[in-house]
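# Architecture and fold: a report
As a plain string of letters, each chain reads:
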Amino acid sequence: MTSWRPARTSTAIALFLALLVSLLIPAQSVSGHAYLDESSPDAGDIVEDVPDEVRLWFTEPLEPDHSFIILYDATGEEIDEVESRIDPDDQFQMYTPLPDDLPNGTYTVQWRNISAADGHSESGFFSFTIGSREDMTEPVSPDEDVTTGNPGLIEPLSKWLSFIGITTAVGTVFAWLWVIRPTMMDHSQYVLQVARRRARNLALVGLGIAVLGSVLALVAQTIIVTLGLTIQDVTDTLFGTQYGLFWGLRILQFAMLGAILYSGALWRQTRVRRTGWLALGIALLALLPFSMSSHAAAVSIGTNVAIINDWLHLAATAVWIGGLIALFGAAILPTRSLEPEERQRVLADLIPRFSTMAIASVVVLTLSGIYSAWLQVGSISAMQETEYGRTLSLKLLISLPLFLLGGLNLMVISPWMKRAAQAGKHFGRTVAAEIALGAAVLGVVAVLVSMAPARDTLESQAERTNFRFEHMDLTVATYISPGAVGQNNYTVDVIPDGGELPEDTSVELRLGREALLGGTRQIELERLPEGDRGRSVRFAENGSDLSIPGTWDMEIVIQRTNEVDWRIDRSFEVPEVPAQDQVPGPPPRLEGLQSVGAPIGIALAVVFGAVAARHRFRTEPDRILGWLALMFLVFAALTTWQTLVETTPTTQARNPILSTPQSIETGRELYLEHCAVCHGPEGEGDGEDIDRLERPPADLTGPHVEIHTDGDIYWWIMDGIDPAMPGFESELSDEDAWHLVNYIRSLRE
Ligand code: HEC
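Presented here is an overview of the structure given in this document. Since the structure is predicted, the reported quantities are computational estimates derived from the model, not experimental observations.

### Quick notes on the packing of helix α15 (residues 597-613) against helix α16 (residues 620-643)
Each packed pair of helices is defined by two parameters, the angle between the axes and the distance between the axes. For the pair α15 and α16, the least separation of the axes is 8 Å and the interaxial angle reads 160°. Of the possible angle classes, the one that applies to α15 and α16 is roughly antiparallel. Seen from above, α15 lies across α16 with left-handed handedness. Taken together, the residues of α16 that come into contact with α15 (itself represented by Gly 597, Ala 598, Gly 601, Ile 602, Leu 604, Ala 605, Phe 608, Gly 609, Val 611 and Ala 612) are Asp 622, Leu 625, Gly 626, Leu 628, Ala 629, Phe 632, Leu 633, Phe 635, Ala 636, Thr 639 and Thr 640. Here the residues of the contact of α15 with α16 are counted per class, giving 14 nonpolar, six polar and one charged.

### Let's talk about the packing of aromatic side chains
Overall, the coordinates contain ten aromatic pairs when judged by the stated rule. On the basis of an interplanar angle of 50° and a centroid distance of 5.2 Å, the ring pair of Tyr 671 and Tyr 743 is categorised as tilted. Placement of the pair is Tyr 671 in helix α17 (residues 661-674) and Tyr 743 in helix α20 (residues 734-747), with a sequence separation of 72 residues. Per residue, the accessibility class of Tyr 671 equals that of Tyr 743, and both read buried. What links up through ring pairs into an aromatic cluster is the set Phe 174, Trp 178 and Trp 277. Here Arg 55 stacks its cationic end above the ring of Tyr 95, 4.5 Å away from the centre of that ring. The positively charged end of Arg 250 is found above the aromatic ring belonging to Phe 290, 4.3 Å away from the centroid.

### Examining the coordination of the iron atom of the ligand
Donor atoms from the polypeptide that coordinate the iron atom of the ligand comprise His 679 (NE2) and Met 725 (SD), at 1.9 to 2.1 Å from the metal. Around the iron atom of the ligand sit six donor atoms; with metal-centred angles ranging over 85 to 179°, the donor geometry is octahedral. With His 679 in helix α18 (residues 676-679) and Met 725 in the loop between α19 (710-719) and α20, this residue pair connects regions lying 46 residues apart in the sequence. His 679 sits in the buried class, given a relative accessible area of 11%.

Calculation rules
- Residues numbered from 1 in each chain as written.
- Predicted model: local features only at pLDDT ≥ 70, side-chain atom pairs only at ≥ 80, totals over all residues.
- Heavy atoms only, no water.
- Axes fitted to C-alpha atoms, helices over the stretch in contact; angles between N-to-C directions.
- Helix = DSSP H or I, 4+ residues; strand = E, 2+ residues; numbered from the N terminus.
- Parallel < 35°, antiparallel > 145°, perpendicular 65-115°, else oblique.
- Left-handed = near helix turned anticlockwise from the far one by under 90°.
- Contact = heavy atoms within 4.5 Å.
- Nonpolar A, V, L, I, M, F, W, Y, C, P; charged D, E, K, R; others polar.
- Phe/Tyr/Trp six-rings, centres within 6.5 Å; stacked < 30°, edge-to-face > 60°.
- Buried < 20%, exposed > 50% of the residue type's maximum accessible area, 1.4 Å probe, protein only.
- Lys NZ or Arg CZ within 6 Å of the ring centre and 35° of its normal.
- Donors = N, O, S within 2.8 Å, 3.2 Å for Na, K, Ca; no water.
- Tetrahedral: all angles 85-135°; square planar, octahedral: opposite > 155°, others 65-115°.

Here it is in structure tokens:
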């Protein structure tokens, strides 16, 4: 007893450390890239004198060492004096001072960055002109190879190896503890020895492959970060970036797993004991960083559930596919040295044990897969119309025979084996085929995880009928809404670079389809009365000219007296259904840390249920397990009900108004006028009218606001919250409501 307690404590400490490392690894390593937010001078600007500097604002903090600016003059010659720097007070800004003797002309700024948040790289370029309109020339297009490091196939390959490796290591631990060891112990001592050696080697080889995958991932990241691959580049990436730090932690985690797999303790024990649980815990934790840097982690609401769901999906894959590898390598192959009858007995014992584990995995795999698909794809049409959706379909297509083979093993070959010895040969073959298919599925997954999810693609497509052109002296924004077959509204906003737009300016939209007989439709847009649009002048018209789906050509022609015509053309896709309507509705999302109880409860219910059903609930322990399964199910249902985030019809709507200081100020004024009586001057829910209300007004600075989208807040402002808060639809314009949303969001900061 005396040695028992310290051992238990050290197990707990080891698991805690492993958890800590898992949680640390992907710290903020999710989300997008550091995109260019704005710049000074801005794209297309004409500045009279040489500016002091070129300054760029990005959406994420930058790695100082590998982000840079290159400046080209009108002839494409690089300006040597440029020195890229990250603003010491604000890591989101990069700038370069300019020599003050730059001649007049059009300059092109090429930039590239590495996000300090997630190690992703972005690059781009834009032009501005020094002098006057006369100095403006066609801008040069810089060579994009200078700024984009492309690791090619190394990236998916590294992911594939990591998946296969970690799956094998984790699956072998599970299969050893619950399938191979208990079976072999009941049979031959000799086979037990062989199986033990092989299982240990398999797990270690798997881990080795995962390490190899990680090394390749570091190579890929080095190419992305430094655009090169010298020893110096690798050490720069490893020691000079956040990614390098996370990479080191991940290797540390692999080392922990390696130590426990290497030591004999796990493999020698006769019952699942401390080392067994410790190995399981560390193995499962080793999967967590994968999920924490997956698409699931980029989900904005219900992130915890999405991550745990992804992790369960991965764990079930590991138990099934990795378990099959262990079953084949460490159990089926060694039994070949046995007499046929003996072998038949071993296999007839082995297979039902494995089946229980496989069935539980497949159910968890299916349920978590459905939820992930709902999160990332959302609808059947999104499945067909996006690259992500089609790749996911391919994954399902390959998985289908995998499921079928599993079923064949369970329903046909396994009962047959109880009767005939030669069935073992078929069993070995089908398992080998399953493993091959499993590896193929993981290959597709490796590609899938580097793609933009279907929802993101559809959302960006929904904005594709909005165009912005900067050409000659005009900035022109064009909206075709809804941008689908049928009645559309065409709007063109014209902003002159300086001065006023002449009264007699005409704007014409020409729409045509190559294949369409009858030629182009010419639509004369009507100038709308001046509104609150600054220097921008709006022209608009309605029409049902887009008559069939497909690619259409659009030309915008702006005519002013004494000026050459302003023309620009562009092709765009016209879908049958408005792109906005193709964005699938939001999936049910759960919020808060306690919400992870839902997926975990369901998974445990499945596992206990599968074990209980093994003997059709005939024994007492099995009946207890059955009740436990039911309990977990009820627990999952309660958690779901408690943590489900309510949605509104506009949950998915995007805030069309940028959260600029002006917008927040406009929002603040509207807030003081309409909302402060209830919500209080500072939004803390302490307005003067609160005594007259049935329910206390929400504290708008509290965390509750955070879990709702801009679209939800917009809906409540316009529609009200029955019965506590009135709707403001009749008093506020659409735009006002969005300014208010921006203001409410700013309260939290
Ligand atoms: C008559 C009093 C009253 C006025 C005026 C009012 N609200 Fe509310 N508001 C409430 C109450 C009460 C709630 C809490 C509703 C509940 O608990 O279901 C609420 C809830 C909200 C919420 C939801 C917060 C959350 O996290 O659930 C938002 C957002 C909000 N109000 C914004 C506004 C804005 C913006 C205005 C001004 C345009 C406004 N409210 C005006 C009484 C008011």
